[in-house]
Each structure stands twice: as structure tokens, then as C-alpha cells.
Amino acid sequence: MPTLLVTGGCGFIGANFIRWQLQTHADQKVVNLDKLTYAGNPENLADVASDPRYVFEHGDICDREFVDRVLKDHQPDLVVNFAAESHVDRSILDSGPFVRTNIVGTQILMDACRAVGTQRYLQVSTDEVYGSLGAEGFFTEETPLAPNSPYSASKAAADLLVRGYVHTFGFPAVITRCSNNYGPYQFPEKLIPLFISNALKDQALPVYGTGHNVRDWIHVLDHGRGIDAALRRGRVGEVYNFGGHSEVRNIDLTLTLLELLGKPKTLIKYVTDRPGHDLRYAIDCAKAETELGWKPQYNFRDGLRETIDWYLANTAWIDRIKSGEYRKYYEQQYGGRL
Ligand code: NAD
Ligand code: TDX
């Protein structure tokens, strides 16, 4: 049975990706390597934990011995690296963990893959490596890298390291760069789950600056299908952009969320802008569409409605995270190993 190793599978995108892999690729073992940082929540995969094709390995991609052991034990055919520090605001407060996990972790994982002869490695990157757009234009795969935050700089550095491994060692890697994801299981520090969960409790929605910054939103399962296509059909050394064709200003998204939740506009609170806040992201994904036969399937408004329904049905999940109660769930499951 072929083996897929996923790192960071207890986070938002990784958990959705693993669940979808188990549903769509019956004849495949999935190994999930995750450190369980504040953003990693094993509860996100509680429904697949007893699937005999699923294995969890608790540890850090920066721990060379551990990563070498996991790769030797499982000999994965395919590897997808989601593991990262992913929140821009946290990278502004302390960039150390971003440099360690996003850059050093990528290097250690690639070296371990080379040692066991992994057939294909996919680096999950972000559109933020291209920097910021003005009112016009789109990022293509040829857009020069110009990251503006410690987070995006660490992701760009990792992309360059992957490129170096492809050219120097013939390492069989592809890179994907995706726009802002939304969907179930997103940690409630990111805009959409934060605003939904605050609004449900009639708490303020903190809009940074003018609220005129634009993001291109893509459903997490559209991103997952893109990663799967690039992993299995992408060309080694190539970059593939994914986006949702759904550009929205933050303030307009906030108003839509309030409308769908039936909550008043008075919950909006304009707050100090994020330092270095990128103005606009927009993606040209023609390459993925023509080469990989991929395109986003979700309409943003429908996807948003479905996502709100999920958060409404899972308020206990959000409450456990926001109150810190989910650490107790970890302790029960993993004892003193955290
Ligand atoms: P997340 O923060 O929800 O999850 C990150 C996961 O990685 C967690 O489970 C965490 O425990 C794990 N992790 C962190 N450090 C680790 C380490 N040192 N060793 C092992 N595991 C570790 O992130 P996400 O939003 O799911 O993003 C996943 C990936 O996709 C990241 O690489 C991110 O840069 C990229 N990405 C995210 C978005 C987005 O909108 N969220 C868009 C484009 C790309
Ligand atoms: O409270 C908030 N108020 C606000 O106005 C938060 C948390 C965000 N914002 C703004 C900042 C951005 O313009 O909303 C927009 C979206 O913010 P985030 O959800 O923090 O996402 P962003 O900074 O755009 O980055 C995300 O997309 C690209 C992911 O977190 C990254 O991991 C991914 O690479």
C-alpha cells in the first residue's frame, strides 16, 4: 500500500486534507507527523483516529533524529509539508519559531526524504511570498518573491531552499502557493473563524486599519484538491498557484458575515492596523487550471454559509480552544508527552 506522509496534519488545512485523502484514496496509508503546537489539535481528526490506514507520529520537524526515524519506519512514497507557524500577527510578535519551523524544519524534512528516496515532495507555500499588489494585477508563478512579514519571509526562504534542493540534488519537489483558506477547523485567530466566534458571543470584530485590504478566499477543500493534483501530476521543480477567484475587501467580508449571522454592524470595531499590512492579494491560477486540470469548485458565498453552519454546529470546539480547555484533551490522549 503506498504511503503518504503529511506534516502539520493536526492543523486547519492538514486535517481537512488528511480526512479527504482517506475518503478519496482508499488504498493508501497516511502518516501524520505533528508537534501539536498551540495550532495543532488532534480533535480535528478524532473521527479518523481509529482508521487502520491512519498513523499519528507526535514530534517536531526540527528534530532530526525523530524525523529520520519516522521516515525510515514508514518509507513514504509521497510527502506533503504543511507544518508551519502560520499566523502573520504572531510572526510580528516573535519571529523565532517561524524561522525554526518554516525554514530549518523544511531543510531537515527534505534531508530525511532524500535519505530514504521519497518519490515526490510537496512544499505547501503561500501567495504572501509575492508581497502585495496595488489595485490592479495578479500574482503569477513568475512574480518575483517580495515577502513583507517575518511569516512570509520565512515561507519564501523555505521555497528557495526547496528550489536549491531540486537544482542541486535533483530532489523531486513541487511548490504550491495558495491564497487565504477558509472552512471548518480553522484556528480562531484567523479572520473568518475569529469574527464568526466573536459575533456569536456579541463581542467586537476588530477590523485592522481601514478594512480596505483585499484577500482572495478559497475553500480549504479546493486547496486540498489542488495540492493532491500537484503532488501526483505536477512537474518536478515547478510552482503552482491556487486561488479562489474570490477577491473581497475585509470590511465587505465582515459585513457579509454579520448579515449571514443576523448580527448588527455595531459589532465592527476599527483597530490599529497590522504593521506592514499587505494591501491586496489576487491570484492568477491559469497554470494549475491548464496543466493540472484543477479549478476551484466552491462559490465563496455558498462556502461561507456552509462554513458558518459548521461553526454553529461546533461551538464547543471553538469554546474549548478559546478557553484553553483543549490542552486537557491533549493531556488525556498524550499524557506527559506534550
Ligand atoms: P495551522 O497553524 O492551522 O497548522 C499548523 C500545523 O503545523 C499545526 O498542526 C501544528 O501543530 C503543526 N506544526 C507547527 N510547527 C511544527 C513543527 N515544528 N513540527 C511539526 N508540526 C508542527 O496552519 P494552516 O493554516 O493549516 O496552514 C498549513 C500550511 O499551509 C502552512 O504551511 C501555511 O503556511 C500554508 N498556507 C496557509 C494558508 C491559510 O490561509 N491558512 C494559505 C496558504 C498557505
Ligand atoms: O482580527 C483581525 N482583523 C483583521 O482585520 C485579523 C486576525 C485579521 N484581519 C485582517 C488582516 C488580513 O488583511 O484580515 C485579513 C486576513 O487576516 P488573517 O486571517 O490573519 O490572514 P492573512 O494575514 O491574510 O494570512 C493568511 O493567508 C495566507 C494565513 O494566515 C496565512 O497562513 C496564509 O499564508
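Basis of the calculations
Residues numbered from 1 in each chain as written. Chains lettered and ligands numbered in written order. Predicted model: local features only at pLDDT ≥ 70, side-chain atom pairs only at ≥ 80, totals over all residues. Heavy atoms only, no water. Helix = DSSP H or I, 4+ residues; strand = E, 2+ residues; numbered from the N terminus. Rg over C-alpha atoms; globule rule 2.2 N^0.38 Å. Buried < 20%, exposed > 50% of the residue type's maximum accessible area, 1.4 Å probe, protein only. Contact = heavy atoms within 4.5 Å. Areas by Shrake-Rupley, 256 points an atom, 1.4 Å probe, with all protein chains shown as cover. Near = heavy atom within 4 Å. Polar contact = N/O pair within 3.5 Å; in protein donor to acceptor, adjacent residues only side chain to side chain. Pairing = 2+ DSSP bridges. Axes fitted to C-alpha atoms, helices over the stretch in contact; angles between N-to-C directions. Parallel < 35°, antiparallel > 145°, perpendicular 65-115°, else oblique. Left-handed = near helix turned anticlockwise from the far one by under 90°. Expected span 1.5 Å × (residues − 1). 1 Å grid on protein atoms, 1.4 Å probe; cavity = no way out; pocket = protein on both sides within 12 Å on 5 of 7 lines; lining within 4 Å. Points joined across faces, edges and corners; volume = space filled by probe spheres on them. Nonpolar A, V, L, I, M, F, W, Y, C, P; charged D, E, K, R; others polar.

Asker: I'm lost on the overall build of the protein chain in this one. Help?
Answerer: Of the regular secondary structure elements, the protein chain holds 12 helices and 12 strands. Taking 20 Å as the expected radius of gyration for a compact globule of 338 residues, we find that the protein chain reaches 19 Å, a close match to that expectation. In terms of its C-alpha atoms, the protein chain occupies a principal-axis envelope of roughly 55 × 50 × 35 Å. In the protein chain, buried positions account for 57% of the 338 residues. Here the contacts in the protein chain between residues at least 6 apart in sequence split such that 82% fall between residues at least 24 apart. A total accessible area of about 13,900 Å² is found for the protein chain, and carbon and sulfur atoms account for 51% of it.

Asker: Which parts of the structure should I look at to understand the site of ligand 2?
Answerer: Neighbouring residues of ligand 2: 19 residues in total, closest Glu128, Tyr151, Pro206, Arg274 and His277. In the model, an oxygen atom of ligand 2 is placed 2.8 Å from a nitrogen or oxygen of the Ser86 main chain. One nitrogen or oxygen atom from the side chain of Arg215 is found 2.8 Å from an oxygen atom belonging to ligand 2. Only α6 (191-200) and β8 (205-208) provide two or more residues apiece to the shell around ligand 2.

Asker: Is there a simple way to explain the sheet that holds strand β1 (residues 3-7) in this structure?
Answerer: Overall, parallel pairing links the seven strands, which are arranged β3-β2-β1-β4-β5-β6-β10 in an open sheet. In this open sheet, the two strands that pair with only one neighbour each are β3 (54-58) and β10 (239-242). With direction set aside, neighbouring strand axes in the sheet form an average angle of 20 degrees. Both strand β4 (residues 78-81) and strand β5 (residues 120-126) contribute to a ladder of four bridges, which runs parallel. Note that in β5 the partner of Val79 across the bridge is Tyr121.

Asker: Help me understand the packing of α6 against helix α8 (residues 250-261), please; the structure alone is not making it clear to me.
Answerer: Two measures define how a pair of helices packs: the angle their axes make with one another and the distance between the axes. Interhelical geometry of α6 versus α8 gives an angle of 40 degrees and a closest axis separation of 10 Å. When the axis of α6 is compared with that of α8, the two are oblique. For the crossing formed where α6 meets α8, the hand is right-handed. Contacts between α6 and α8 involve Leu191, Ile192, Phe195, Ile196, Ala199 and Leu200 from the former and Leu253, Thr254, Leu257, Leu258 and Leu261 from the latter.

Asker: Just checking my understanding: could you explain helix α1 (residues 12-24) for this structure?
Answerer: Side chains that are three or four residues apart share a direction in an α-helix, a result of its 3.6 residues per turn. Between the first and last C-alpha of α1 there are 19 Å, a value that for 13 residues agrees with the 18 Å anticipated at 1.5 Å per step. In terms of burial, α1 is largely enclosed, as 11 of its 13 residues are buried. Buried residues of α1: Phe12, Ile13, Gly14, Ala15, Asn16, Phe17, Ile18, Arg19, Trp20, Gln21 and Leu22, and no others. If you follow the buried residues of α1, they end up packed against β1, β2 (29-34), β3, β4, β7 (180-182) and α7 (220-233).

Asker: Can you help me understand the environment of Met1 in this one?
Answerer: Within the secondary structure, Met1 sits in the segment before β1. If we skip the residues at most four places from it in the chain, Met1 touches Asp27, Gln28, Lys29 and Arg53.

Asker: Explain the layout of surface pockets to me, please; I cannot follow it from the model alone.
Answerer: Where empty space is left in the structure can be found by rolling a water-sized probe over the atoms. Here the second largest pocket is characterised by a volume of approximately 260 Å³. For the second largest pocket, the lining is made up of 17 residues, of which Arg163, Ile175, Arg177, Gly237 and Val239 are closest to its centre. Of all the secondary structure elements, the ones that give two or more residues to the lining of the second largest pocket are α5 (150-169) and β6 (173-178). Top element by residues in the lining of the second largest pocket is α5. It accounts for six residues. Along the lines of polarity and charge, the residues of the lining of the second largest pocket split into nine nonpolar, three polar and five charged.

Asker: Is there a simple way to explain the packing of helix α4 (residues 96-116) against α5 in this structure?
Answerer: At a closest axis distance of 8 Å, the pairing of α4 and α5 adopts a crossing angle of 20 degrees. Compared by their axis directions, α4 and α5 come out roughly parallel. Taken as a pair, α4 and α5 cross one another with a handedness that is right-handed. Only Tyr151, Ser154, Lys155, Ala157, Ala158, Leu161, Val162, Tyr165 and Phe169 of α5 make contact with α4, whose side of the interface consists of Phe98, Asn102, Ile103, Thr106, Gln107, Met110, Asp111 and Arg114.

Asker: Explain the site of ligand 1 to me, please; I cannot follow it from the model alone.
Answerer: Close to ligand 1 lie 28 residues, the nearest being Ile13, Asp34, Ser86, Tyr151 and Lys155. The side chain of Ser86 places a nitrogen or oxygen atom 2.7 Å from an oxygen atom of ligand 1. At 2.6 Å, a side-chain N or O of Tyr151 approaches an oxygen atom of ligand 1. Residue assignment for the shell around ligand 1 shows that the elements contributing at least two residues are α1, β5, α5 and β7. A per-element tally of the shell around ligand 1 places β5 first, with three residues. A class-by-class count of the residues in the shell around ligand 1 yields 12 nonpolar, 12 polar and four charged.

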